[in-house]
Amino acid sequence: MSQDEHQLAAATPDAPKPKRHPILIIVMGVAGTGKTTLARELERRLDMAYVEGDELHPPANIAKMSAGIPLTDADREPWLQLIRTTAEGLAAQQQADPAFARRPGALVTCSALRTYYRDLLRGKPVKVRSGETGEKGTELPGHLAPPAPHTLPAYFVYIKGERELLQARISKREGHYMKPGMLDSQLQTLESPDGEEGVVVVPLDATTEEQADIAIRGLNELLPEPL
Ligand SMILES: Nc1ncnc2c1ncn2[C@@H]1O[C@H](COP(=O)(O)OP(=O)(O)O)[C@@H](O)[C@H]1O
Ligand SMILES: O=C(O)[C@H](O)[C@@H](O)[C@H](O)[C@H](O)COP(=O)(O)O
């Protein structure tokens, strides 16, 4: 909505509220970095639908990670595509529901370690690295909907911190399939999103409340309509 439309809506309180454009906010970073904790705080503050990305991993991925085996590009691609299509589906349902009153779009947690993983999450037309046949540079499988970055623009909140503190956090966490020994492979795979479009960086060594403040401030600088 343009500024004029915002002003017009505010001046005519009985007029139906114009629909806001849905957005996808992805809280990203390596395992154990605090994605779920921060996303839950943002969910509370922004009143948005929340999707825990780890819950969309196929069982084979969970089995691999539980066995201490890092995922490959081929393991992650269908999962990333499922995250994107799940968020697009949610946004479409919300748009179709006249009673839907929350902020439209979705908040998602996802490691989103590499640039092309993030492009998949953005809905950009990327060539997947592995593909169903295992060949390099294969196009996205034909049964998937065409990429539609503008239907649901993606923004990333990247929790950035040093290995030492990350190690301490992940070691403290009990009963999780992702064990501390996997941190090094996560850090090796990570391509920093610092400087990429639509990215807000928040420090690992801040409280969750401070991280949420920084995230919301940063997102407001990027978004056409403030949160
Ligand atoms: N800002 C923070 N300060 C201190 N500890 C935190 C913070 N955010 C998360 N934690 C703790 O770090 C651990 C990992 O957090 P979690 O949200 O599960 O991370 P992820 O979803 O990235 O795996 C948990 O024990 C959590 O309580
Ligand atoms: O891409 C990956 O290798 C995984 O997504 C990984 O980064 C993620 O961390 C695990 O799913 C465990 O979940 P937590 O991030 O909650 O530790």
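Summarised in this report is the structure supplied together with it. A quick note: this is a predicted structure, and the numbers were derived from the prediction, not measured. (Residues numbered from 1 in each chain as written. Chains lettered and ligands numbered in written order. Predicted model: local features only at pLDDT ≥ 70, side-chain atom pairs only at ≥ 80, totals over all residues. Heavy atoms only, no water.)

Regarding the environment of Gln 211
Part 1 of the argument: Structurally, Gln 211 is set in helix α8 (residues 208-222).
Part 2 of the argument: Residues Gln 211 and Val 157, 54 residues apart in the sequence, show an inter-C-alpha distance of 9.5 Å. (Helix = DSSP H or I, 4+ residues; strand = E, 2+ residues; numbered from the N terminus.)

Some thoughts on the side chain of Glu 77
Part 1 of the argument: Relative to the helices and strands, Glu 77 is located in helix α4 (residues 73-96).
Part 2 of the argument: Only 2.5 Å separates the side chain of Glu 77 from the side chain of Tyr 116, close enough to count as a polar contact. (Polar contact = N/O pair within 3.5 Å; in protein donor to acceptor, adjacent residues only side chain to side chain.)

Overview of the packing of α4 against helix α5 (residues 115-122)
Part 1 of the argument: Following both chains from N to C, one finds α4 and α5 inclined at 25°, their axes separated by 8 Å at the closest point. On the basis of their axis angle, the class for α4 and α5 is roughly parallel. As for the relative orientation of α4 and α5, their crossing is right-handed in sense. Across the interface between the two elements, Asp 73, Arg 76, Glu 77, Leu 80, Gln 81, Ile 83 and Arg 84 of α4 pack against Tyr 116, Tyr 117, Leu 120, Leu 121 and Arg 122 of α5. (Axes fitted to C-alpha atoms, helices over the stretch in contact; angles between N-to-C directions. Parallel < 35°, antiparallel > 145°, perpendicular 65-115°, else oblique. Left-handed = near helix turned anticlockwise from the far one by under 90°. Contact = heavy atoms within 4.5 Å.)

A short note on the site of ligand 1
Part 1 of the argument: The full set of residues close to ligand 1 is Gly 32, Thr 33, Gly 34, Lys 35, Thr 36, Thr 37, Arg 169, Arg 173, Ala 206, Thr 207, Thr 208 and Gln 211.
Part 2 of the argument: Between ligand 1 and Lys 35 there is a distance of 2.9 Å, counted from an oxygen atom to a backbone nitrogen or oxygen.
Part 3 of the argument: Measuring from a nitrogen atom of ligand 1, one finds a side-chain N or O atom of Arg 169 at 3.2 Å.
Part 4 of the argument: Taken by itself ligand 1 offers 560 Å² of open surface, and the protein chains cover 75% of this.
Part 5 of the argument: Listing elements by their share of the shell around ligand 1, those giving two or more residues are α2 (35-46) and α8.
Part 6 of the argument: Residue contributions to the shell around ligand 1 peak at three residues, all from α2. (Near = heavy atom within 4 Å. Areas by Shrake-Rupley, 256 points an atom, 1.4 Å probe, with all protein chains shown as cover.)

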